Amino acid sequence: MKPAHRIPRLALTAALGCLALLVTACGGEGGGTSGASDGKPVTLTMWSWMVGTKDVVEEFNATHEDIKVEYTEITAGADGYSKIDSAIKGGNAPDVVGMEYAMLPEFASQGNLEDLTGHSGKLVKSFPESLQSLVTPGGRTWGVPFDVTPQLLYYRTDLFEKAGVEVPATWAEFEKAAKKIKAADKGARILNIPKGGDIPFINGLAWQAGSQGFGVEGDAWTVHIDDEPALKVAGFWDGLVRDGLVFNHPAWSEEESTAKKKNQVAAFIGAPWSGAGLISQTPEQKKKWAVAPLPTWDGTPATGTWGGTSFAVPKGSDHIEGAAEFIEWLTTDPAAMKARLADAEAPSSVLPADPGMQKVAATEFTRAAGGYFANDLYQVAADQVDTIGDGWTWGPVQGSVNEAFESTVAKGGWEAGFEAAQRAALKALDDRGLKTAG
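Remember, it's a predicted structure, so these values are computed and weren't measured experimentally.

Cut-off values and rules
Residues numbered from 1 in each chain as written. Predicted model: local features only at pLDDT ≥ 70, side-chain atom pairs only at ≥ 80, totals over all residues. Heavy atoms only, no water. Salt bridge = Lys/Arg side-chain N within 4 Å of Asp/Glu carboxyl O. Helix = DSSP H or I, 4+ residues; strand = E, 2+ residues; numbered from the N terminus. Buried < 20%, exposed > 50% of the residue type's maximum accessible area, 1.4 Å probe, protein only. Pairing = 2+ DSSP bridges. Axes fitted to C-alpha atoms, helices over the stretch in contact; angles between N-to-C directions. Contact = heavy atoms within 4.5 Å. Core = buried A, V, L, I, M, F, W, Y, C linked by side-chain atoms within 4.5 Å. Parallel < 35°, antiparallel > 145°, perpendicular 65-115°, else oblique. Nonpolar A, V, L, I, M, F, W, Y, C, P; charged D, E, K, R; others polar. Phe/Tyr/Trp six-rings, centres within 6.5 Å; stacked < 30°, edge-to-face > 60°. Lys NZ or Arg CZ within 6 Å of the ring centre and 35° of its normal.

S.K.: With reference to specific residues and values, describe the pattern of salt bridges.
M.R.: It is possible for side chains bearing opposite charge to pair when their charged atoms get close. Summed over all chains, the structure comprises eight salt bridges. Across the pair lysine 427 and aspartate 431 runs a salt bridge whose closest N-O atoms are separated by 2.8 Å. A residue pair is termed a helical-turn pair when its members lie 3 or 4 positions apart in one helix, as lysine 427 and aspartate 431 do in helix H17 (residues 398-431) at four residues. For lysine 427, a relative accessible area of 54% gives the class exposed.

S.K.: I'd like to hear about unusual backbone geometry, residue by residue, with values.
M.R.: The phi dihedral of tryptophan 252 is positive, around 60 degrees, even though this residue is not glycine. Taking the relative accessible area as the measure of exposure, tryptophan 252 reaches 61% and is therefore exposed. You will see that asparagine 263, though not glycine, has its phi angle at about 65 degrees, which is positive. Positionally, asparagine 263 belongs in the loop between helix H11 (254-261) and strand E8 (267-270). What makes asparagine 263 partly exposed here is its relative accessible area of 32%.

S.K.: So what's going on with the sheet that holds strand E5 (residues 152-156)? Which residues, and what values?
M.R.: An order of E8-E5-E9 is seen for the three strands of this open sheet, with the pairing classed as antiparallel. Strand pairing shows two members of the sheet lacking a second neighbour, E8 and strand E9 (289-293), which therefore form its edges. Strand-to-strand twist of the sheet, defined as the mean angle between neighbouring strand axes without regard to direction, takes the value 25 degrees. Bridge count for E5 against E8 is four bridges, and the pairing is antiparallel. The residue bridging leucine 152 from the neighbouring strand is glycine 270, located in E8.

S.K.: Give me the lowdown on the sheet that holds strand E4 (residues 144-145), citing residues and values where you can.
M.R.: With respect to topology, five strands assemble into an open sheet ordered E2-E1-E3-E10-E4, the strand pairing being mixed. The open sheet has two edge strands with one neighbour each: strand E2 (67-73) and E4. Where E4 lies against strand E10 (residues 309-312), two bridges are found, and the strand directions are antiparallel. Each bridged residue has a counterpart across the sheet, and for proline 145 the counterpart in E10 is serine 310. Along the sheet face, helix H3 (residues 78-90) touches strand E1 (42-48) and strand E3 (96-100) and points at about 135 degrees away from the line of E3.

S.K.: Break down the nonpolar core for me, citing the residues and quoting the values.
M.R.: Residues Met99, Tyr154, Phe326 and Phe373 are the most contacted members of the largest nonpolar core, which totals 77 residues. The residues touching methionine 99, leaving out its near neighbours within four places in the chain, are Trp49, Tyr81, Leu104, Phe107, Leu113, Gly308, Thr309, Ser310 and Ala312. Ranked by size, the runner-up nonpolar core spans 52 residues in total, among them Ala230, Val233, Leu240 and Leu294.

S.K.: Talk me through the packing of helix H10 (residues 228-242) against H17; I want residue IDs and the actual numbers.
M.R.: It is at 8 Å that the axes of H10 and H17 come closest, and there the two elements cross at 160 degrees. The pairing of H10 with H17 is recorded here as roughly antiparallel in orientation. Residues Ala230, Leu231, Val233, Ala234, Trp237 and Asp238 of H10 form the contact with H17, whose own contacting residues are Gly413, Trp414, Glu415 and Phe418. Within the contact of H10 with H17, the residues separate by chemical class into seven nonpolar, one polar and two charged.

S.K.: Talk me through the packing of aromatic side chains; I want residue IDs and the actual numbers.
M.R.: The final tally for this structure, using the stated rule, is 30 aromatic pairs. Ring centres of tyrosine 154 and phenylalanine 268 lie 4.6 Å apart, and the angle between their planes is 5 degrees; this geometry places the pair in the stacked category. Taken together, the residues tyrosine 154 in strand E5 and phenylalanine 268 in strand E8 connect sequence positions 114 residues apart. In this structure, tyrosine 154 and phenylalanine 268 share a single accessibility class: buried. Ring plane angle 75 degrees and centroid distance 5.3 Å describe the contact between tryptophan 392 and tryptophan 394, whose orientation is recorded as edge-to-face. The structure contains a cluster of three or more aromatic residues connected by ring pairs, namely Trp171, Phe174, Phe201, Phe236, Trp237, Trp252, Trp273, Trp297, Trp306 and Trp414. For lysine 232, the ring lying beneath its charged end belongs to tryptophan 297, and the centroid distance is 4.7 Å. Over the ring of phenylalanine 268 we find lysine 260, and its NZ or CZ is 4.3 Å from the ring centre.

Have a look at this one:
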């Protein structure tokens, strides 16, 4: 298993000034306790949406006496973050949450996360240097990395063979393959492009093309959401939708799922974690799916990411030290990964950020998946980590970006979505009193 030894600079470097870029988030390090002085275990609360977390918490509770964890599953995406935000504002937030890398700067910049520099800073420095930047906007530690998520092409080997299609190495080849698949079966398409947008998915494709998202000049933010690479990506996918070469069902919808079950979808763009959902949704398609690198624009290996999660401590926790101890176990202890992949019906396919955990994950997933994939998902995924492009930066107003894009793309396409997101980002930064350049 190839370790994830190089991951791009995605957020702010430690050298950037905290006050200039994360106005409300700066401050002293939190306190909190690990074990209770009265001899009773500290009880932590944890919210997450990730597959296998319930099993992980049960394993922790069975093997630890001083800390016990109560787990609540929440919805992924905007609804989940809204729930976390409301809980923080209401003073009843959990002690530990899953926090996607894209959203961490926003929560940190609003003062909604505890500063973990004193508790987890040393641990985070044990990760590859470039990975550290995901969780240290403004030079403070706001979370601990959990996984890394290069975008991949999942494809049906049988449907590709039926249409006479080779696995495309470039997007030009992909378009030709899309035409062949439609010609071979007029009810089938190469994949589904989500109607209404799925901004983390779309960001990854723009990232692959060289888009920057946000950036930093001195003490100010720059916004590059609708830059030339992003608009190139938008034009490509808008064209495929317009020409009827891809489905355009809403993301995560029944229509999307039904098309896959009816053998009408020959491929999809996903991340390592996508494999788990495929196994649980379409067990009857065992050995028909394989994984390949994402097609590229010029044949040079490159990819973006889709998702990726850290663990953070919401503002107001009374047990920061205990939460940090639990988070360290979650992200670095092999027992945690073994527990996460214990469910044979829906095994997690997460690719850990910690290089030492990748081999454990690959071994456990191979056992749990029972040969579902026609090739080695973990090997392909790990091989793509070094191809994740440099230069992408997540900004502190990602929620506004997501909302603007998704409310526009269904009516006007991806290009209009990027342009609306650019305007929304500039306005949100201004509304927050954050300085912009350019």
